[in-house]
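# Chains, contacts and geometry: an overview
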Amino acid sequence: MPMTSMKVAPQELKADGGELFSAEFLALAANTIHQAIKTDGFFILENALSVPAIEAILEDVDNHGFAINRNWAHGVYAEHQYYLTHMLACSRAFTRLATHPKLFEICDGILGHDYRLKAMRYYETYGKHHMQWHTDNKTDRGFAHIPGLIFIVYLADVDDGEFQYVRASHNWSGERAYSDYGDEEIEKNHGKDIVSFKAPRGTVIIYDTYGIHRARPVASRTFVRKSLFFQVDSKMDSAEPILLNPAYIDSIDAKTAQYLGFGLPAEYKVFPNTTIKNLQWGRVGLRMVSQWLAYRMARSLFDIMPHNIKKIIKARARRT
Ligand SMILES: [Fe+2]
């Protein structure tokens, strides 16, 4: 798709996120990142994502929020977490980030030439959420041998409930045919290898999906952690289905098309699988319910009015 010259509205420029990455991240040799991932299982760099990019993504998340019966992509609540999965439909800045050549360079060195975007999300984790130690080399049916990388970006400072990784566990976890590990087993046998990632917003963490990791549990009810997640792996015949706003992609080459899964099956279930039952108290606010009730009552009254009165009301509504 060739780029055409067009006028870009100011709000579009803002939503673009500007220079996405810091000069330090862009200048870092891909080989340095590959070595860190191969040795420790992870790479981390603070201030890798720029402030304008963070702000653009958070604004896009706010604009899509949570809704009932709204005919566009929006977020969901899953008990102690909020997810906005369809970021490629909601955020130009995220789309630029997730398809950036720097990320392809990183994936090339670890995954070779064939890989695709498996899953993505913006997510918020609240207090009381408990995540088990686990690996991510699995399908939606469980453990599997699939090389992959996960990118996590902190969009707010994280000084609690941080991401944790068992250093170099990607080298041996594949010998076990399971993905979940108990807290006690990890503390007792691998406590000295646990690395905790308390870090400021803009931090990028890239890790091997075979590594054992979790988010450290937080007891506080008021805690919120805001992050981006996307997973890239070598299994070409399935992924979560992607909703993409094509307006966010200026041009698309064969590599990007394969990465996004054009023409490839996408039969995984979108994570998390939620229904209205997963909404905790307070998520559907009284304001939302009272606005709905007021509108439905007014609408029912309007529907039974004589035709000429309806015309007068419509004319007045047009004038206001
Ligand atoms: Fe994970």
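Not measured: the values here are computed from a predicted model.

## Observations regarding the pairing of strand 9 (residues 158–166)
- Within strand 9, seven of the nine residues are buried, which leaves the element mostly enclosed by the surrounding structure.
- Relative to strand 13 (residues 213–215), strand 9 runs antiparallel, the two sharing three bridges. Among the inter-strand pairings, F163 is bridged to a residue of strand 13, identified as A215.

## Some words on the sheet that holds strand 1 (residues 42–45)
- Taking strand neighbours across the sheet as the criterion, the seven strands line up as 1-12-8-14-4-3-2 in an open arrangement whose pairing is antiparallel. The open sheet is flanked by strand 1 and strand 2 (76–78), the only strands paired with a single partner. Between one strand axis and the next, the sheet turns through 20 degrees on average, direction left out of account.
- When strand 4 (residues 116–126) meets strand 14 (residues 224–233), the two strands line up antiparallel, connected through ten bridges.

## Here's the deal with the domain arrangement of the chain
- Partitioning the chain into domains gives domain 1 (10–281) and domain 2 (287–319).
- Between the C-alpha centres of domain 1 and domain 2 there is a distance of 45 Å.

## Some remarks on the packing of aromatic side chains
- Evaluated as defined, the whole model comprises 17 aromatic pairs.
- Measuring from ring centre to ring centre gives 5.5 Å for F42 and Y165, while their planes differ by 65 degrees; the resulting arrangement is edge-to-face. Note that F42 is positioned in strand 1 and Y165 in strand 9, a separation of 123 residues in sequence. Take F42 and Y165: they sit in the same class, and that class is buried.
- When the centroid spacing of 6.4 Å and the interplanar angle of 80 degrees are considered together, the rings of Y115 and Y259 count as edge-to-face. Taken together, the positions of Y115 in the loop between helix 7 (101–111) and strand 4 and Y259 in helix 9 (residues 254–260) put the pair 144 residues apart, joining distant regions of the chain. Assigned by exposure class, Y115 and Y259 land together as buried.

How each quantity is defined
- Residues numbered from 1 in each chain as written.
- Predicted model: local features only at pLDDT ≥ 70, side-chain atom pairs only at ≥ 80, totals over all residues.
- Heavy atoms only, no water.
- Buried < 20%, exposed > 50% of the residue type's maximum accessible area, 1.4 Å probe, protein only.
- Helix = DSSP H or I, 4+ residues; strand = E, 2+ residues; numbered from the N terminus.
- Pairing = 2+ DSSP bridges.
- Axes fitted to C-alpha atoms, helices over the stretch in contact; angles between N-to-C directions.
- Domains from an automatic or database assignment.
- Phe/Tyr/Trp six-rings, centres within 6.5 Å; stacked < 30°, edge-to-face > 60°.

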